[in-house]
Amino acid sequence: IVHLILKDNTGQNQALDLIEESAQTQHFDYCDLIQKLERDAGLKRPTVFLDTDKNLRNQRTYLTRSEMAIILSYSKILLKRIILQNFETFEKHAPQSMQTYFPKAIVDQFGDSVMDHLLYKELIALTLTNQIISKHGVLWMKDLNFEATDNITRQHMIHAINAQLHIT
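The rules we used
Residues numbered from 1 in each chain as written. Predicted model: local features only at pLDDT ≥ 70, side-chain atom pairs only at ≥ 80, totals over all residues. Heavy atoms only, no water. Helix = DSSP H or I, 4+ residues; strand = E, 2+ residues; numbered from the N terminus. Contact = heavy atoms within 4.5 Å. Areas by Shrake-Rupley, 256 points an atom, 1.4 Å probe, with all protein chains shown as cover. Buried < 20%, exposed > 50% of the residue type's maximum accessible area, 1.4 Å probe, protein only. Phe/Tyr/Trp six-rings, centres within 6.5 Å; stacked < 30°, edge-to-face > 60°. Lys NZ or Arg CZ within 6 Å of the ring centre and 35° of its normal. Salt bridge = Lys/Arg side-chain N within 4 Å of Asp/Glu carboxyl O.

(A) View of the overall build of the chain. A count of helices and strands for the chain gives 10 helices and 0 strands. Mapped from its N terminus to its C terminus, the chain presents α and β elements in the order α-α-α-α-α-α-α-α-α-α. Partitioning the intrachain contacts of the chain with sequence separation of at least 6 by distance along the chain shows that 74% fall at a separation of at least 24. Here the chain displays about 9500 Å² of accessible surface, and carbon together with sulfur accounts for 55% of that area.

Put into structure tokens, the structure is as follows:
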């Protein structure tokens, strides 16, 4: 279990490193993503001590590591929620995700019955979210319409998320 926790922590740091690498050159894109996270993920700037949009855009050309962690956290919240809302589409990734989530000894002992776990969907969504964001960062999410109600826009969003799962 310790190995899995350390692996997850490594993924978190990789995701933060991806943000840090692009934060200066794509500063305004991150400002746009923060606005999206306010609209779609429940981000409240004052609650997390995140500077105003005006200050971030006009008075600064950088993000602090703490601000990057906030962006990472709320991006994960949003992506996990979308995966859960469209779970049938992503369920094909479930067997691999469950085997990745649980220690090998658990998978070996209980086999496919790990799929009966009470938090099955949440665990799949969490694993997929971490996998996507650790490998590809968060900026790809800024142009997606997560609140889409029309089928074409929704299918585009689902396709974009699936594409992130298949890129290595």
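(B) Structural context of the environment of Phe-90. The topology assignment puts Phe-90 in helix H6 (residues 87–90). For Phe-90, a relative accessible area of 0% corresponds to the buried category. Considered as a pair, Phe-90 and Ala-125 are 35 residues apart in the sequence and their alpha carbons are 8.4 Å apart.

(C) The arrangement of unusual backbone geometry in detail. Notably, Phe-49 is not glycine yet its phi reads approximately 60°, a positive angle. By secondary structure assignment, the location of Phe-49 is in the loop between helix H3 (45–48) and helix H4 (53–58). Among the residues examined, Phe-49 registers a relative accessible area of 75% and is labelled exposed.

(D) Seen up close, the packing of aromatic side chains. If you walk through the whole model with that rule in mind, you get 1 aromatic pair. Seen from their ring centres, Phe-87 and Tyr-120 are 5.8 Å apart, and the 75° between their planes marks the pair as edge-to-face. Of the two residues, Phe-87 is situated in helix H6 and Tyr-120 in helix H9 (residues 120–136); the sequence distance between them amounts to 33 residues. Of the two residues examined, Phe-87 and Tyr-120, each falls in the buried class. A cation over an aromatic ring shows up here: Arg-60 above the ring of Tyr-62, its NZ or CZ 4.7 Å from the ring centre.

(E) The environment of Asp-53, seen in detail. Counting through the fold element by element, Asp-53 comes out in helix H4. By relative accessible area, Asp-53 is classed as buried at 19%. When the C-alpha positions of Asp-53 and Phe-28 are compared, they lie 9.9 Å apart, and in sequence the two are 25 residues distant. Once residues lying within four places of it in the same chain are set aside, the contact partners of Asp-53 are Cys-31, Gln-35 and Arg-45.

(F) Seen up close, the pattern of salt bridges. In total, this model carries 10 salt bridges according to the counting rule given. Across the pair Arg-57 and Asp-32 runs a salt bridge, and its minimum N-O distance is 2.5 Å. Of this pair, Arg-57 sits in helix H4 while Asp-32 sits in helix H2 (residues 27–40), and the two are 25 residues apart along the sequence. Asp-32 sits in the partly exposed class, given a relative accessible area of 31%. In this structure, the salt-bridge partner of Asp-51 is Arg-60, at a minimum N-O distance of 3.2 Å. On the basis of relative accessibility, which here comes to 13%, the residue Arg-60 falls in the buried class. Taken together, the salt bridges that share partners define one network made up of Asp-32, Glu-38, Arg-45, Asp-53 and Arg-57.

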